[in-house]
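# Descriptive analysis of the structure
The primary structure of each chain is shown beneath.
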Amino acid sequence: EAGVAQSPRYKIIEKRQSVAFWCNPISGHATLYWYQQILGQGPKLLIQFQNNGVVDDSQLPKDRFSAERLKGVDSTLKIQPAKLEDSAVYLCASSLEISPSSYEQYFGPGTRLTVT
Amino acid sequence: AQTVTQSQPEMSVQEAETVTLSCTYDTSENNYYLFWYKQPPSRQMILVIRQEAYKQQNATENRFSVNFQKAAKSFSLKISDSQLGDTAMYFCAFMAPGGGNKLTFGTGTQLKVEL
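Overview of the structure. Source: prediction; values computed, not measured.

Looking only at helices and strands, chain B features 0 helices and 12 strands. The N-to-C order of helical and strand elements in chain B reads β-β-β-β-β-β-β-β-β-β-β-β. For chain B, whose C-alpha radius of gyration is 14 Å, the value lies close to the compact-globule estimate of 13 Å for 115 residues. Its C-alpha atoms put chain B at 45 × 30 × 20 Å along the principal axes. Partitioning the intrachain contacts of chain B with sequence separation of at least 6 by distance along the chain shows that 55% fall at a separation of at least 24. Of the accessible surface of chain B, which amounts to about 5500 Å², a share of 44% is contributed by carbon and sulfur atoms.

See below:
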């Protein structure tokens, strides 16, 4: 079975520019997560979708970050405008469902963003 | 809110030896799950082992085993017969069902396996 796909793998932009990341979860997985991993830290959840609805976006800086999951499959995370502190790896993960019996999260390879 | 603490930023071990990575957590939940994830330089997070808090028996997956001490809120990972391919960043993570299955990660331990 194909894993979680993300693109691009690397992105370098200047501050105040915009950037978008794409994630394709494992087929049939209803729940999708975006995590931000700053160098030297563990991943931090930005937003969680159940199908195409938002379950948790409490840690998403909504003044500059946005995310959508149209049709409950692929998802896009956007930053506009980017700041230096947004330099990080952005990880996408998916799980079968939100129920405790199907909780295991499968991660994609991540996108490393460098803001200069 | 839950917190996960990994107090060992870096560790090294000789090939074929055994190493233990420490993790402590804080929560008021009674039912939860604990995980160890491995992140090699490729950045892909790989699940190593999981433990359900309601299970008293410590989880084991081949060379990987945990020492789960619920009262002490401690969850350490033991890697036996260390291999060069075990070199990676290891993250301890916590999840409480009902909270959307959000994972709370520690800051990680960089493990280096040496010849």
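Still more to cover.
Residues and elements named next belong to chain A. Scanning the entire structure with this criterion turns up 2 disulfides over all chains. A sulfur-sulfur separation of 1.9 Å characterises the disulfide bridge that pairs Cys 23 with Cys 92. Around the S-S axis, the bridge from Cys 23 to Cys 92 shows a dihedral of about -70° and counts as left-handed. Taken together, the positions of Cys 23 in strand 3 (residues 19-24) and Cys 92 in strand 9 (residues 88-95) put the pair 69 residues apart, joining distant regions of the chain.

Turning next to the packing of aromatic side chains. For the structure on display, the rule yields 15 aromatic pairs over all chains. On the basis of an interplanar angle of 25° and a centroid distance of 5.0 Å, the ring pair of Phe 21 of chain A and Tyr 90 of chain A is categorised as stacked. Of the two residues, Phe 21 of chain A is situated in strand 3 and Tyr 90 of chain A in strand 9; the sequence distance between them amounts to 69 residues. Residue class for Phe 21 of chain A comes out buried when judged on its relative accessible area of 1%. Look at Tyr 35 of chain A and Phe 105 of chain B: their rings are 5.9 Å apart centre to centre, the planes differ by 85°, and that puts the pair in the edge-to-face class. Pair noted here: Tyr 35 of chain A is in strand 4 (residues 31-37) and Phe 105 of chain B is in strand 11 (residues 104-105), and the two residues belong to different chains. Take Tyr 35 of chain A and Phe 105 of chain B: they sit in the same class, and that class is buried.

Turning to its location among the elements, Ile 26 of chain A is positioned in the loop between strand 3 and strand 4. For Ile 26 of chain A and Thr 111 of chain A, which are 85 residues apart along the polypeptide, the C-alpha to C-alpha distance reads 17 Å.

Before going further, it helps to examine the side chain of Thr 31 of chain A. Note on placement: Thr 31 of chain A falls in strand 4. A distance of 2.4 Å separates the side chain of Thr 31 of chain A from the side chain of Gln 50 of chain A, its partner in a polar contact.

Another aspect to go through is the sheet that holds strand 1 (residues 5-7) of chain A. All names here are of chain A. With antiparallel pairing, 4 strands are arranged side by side in an open sheet as 1-3-8-7. The open sheet has two edge strands, strand 1 and strand 7 (65-68), and neither has a second partner. Along the sheet, successive strands turn relative to each other by an average axial angle of 15°, direction set aside. For strand 1 and strand 3, the ladder comprises 3 bridges, and the chain directions are antiparallel. Bridge assignment links Ala 5 to a residue of strand 3, and that residue is Asn 24.

Here we take up unusual backbone geometry. Residues and elements named next belong to chain A. The omega torsion of the bond from Ser 7 to Pro 8 falls at -5°, within 30 degrees of zero and hence cis. Looking at the secondary structure, you find Pro 8 in the loop between strand 1 and strand 2 (10-13). Residue Pro 81 follows Gln 80 across a cis peptide bond; omega there is -5°. With a phi angle near 55°, Asn 51 is a residue other than glycine that sits in the positive phi range. Here Asn 51 is to be found in the loop between strand 5 (44-50) and strand 6 (53-56).

Definitions and limits used
- Residues numbered from 1 in each chain as written.
- Chains lettered and ligands numbered in written order.
- Predicted model: local features only at pLDDT ≥ 70, side-chain atom pairs only at ≥ 80, totals over all residues.
- Heavy atoms only, no water.
- Helix = DSSP H or I, 4+ residues; strand = E, 2+ residues; numbered from the N terminus.
- Rg over C-alpha atoms; globule rule 2.2 N^0.38 Å.
- Contact = heavy atoms within 4.5 Å.
- Areas by Shrake-Rupley, 256 points an atom, 1.4 Å probe, with all protein chains shown as cover.
- Disulfide = S-S within 2.5 Å.
- Phe/Tyr/Trp six-rings, centres within 6.5 Å; stacked < 30°, edge-to-face > 60°.
- Buried < 20%, exposed > 50% of the residue type's maximum accessible area, 1.4 Å probe, protein only.
- Polar contact = N/O pair within 3.5 Å; in protein donor to acceptor, adjacent residues only side chain to side chain.
- Pairing = 2+ DSSP bridges.
- Axes fitted to C-alpha atoms, helices over the stretch in contact; angles between N-to-C directions.

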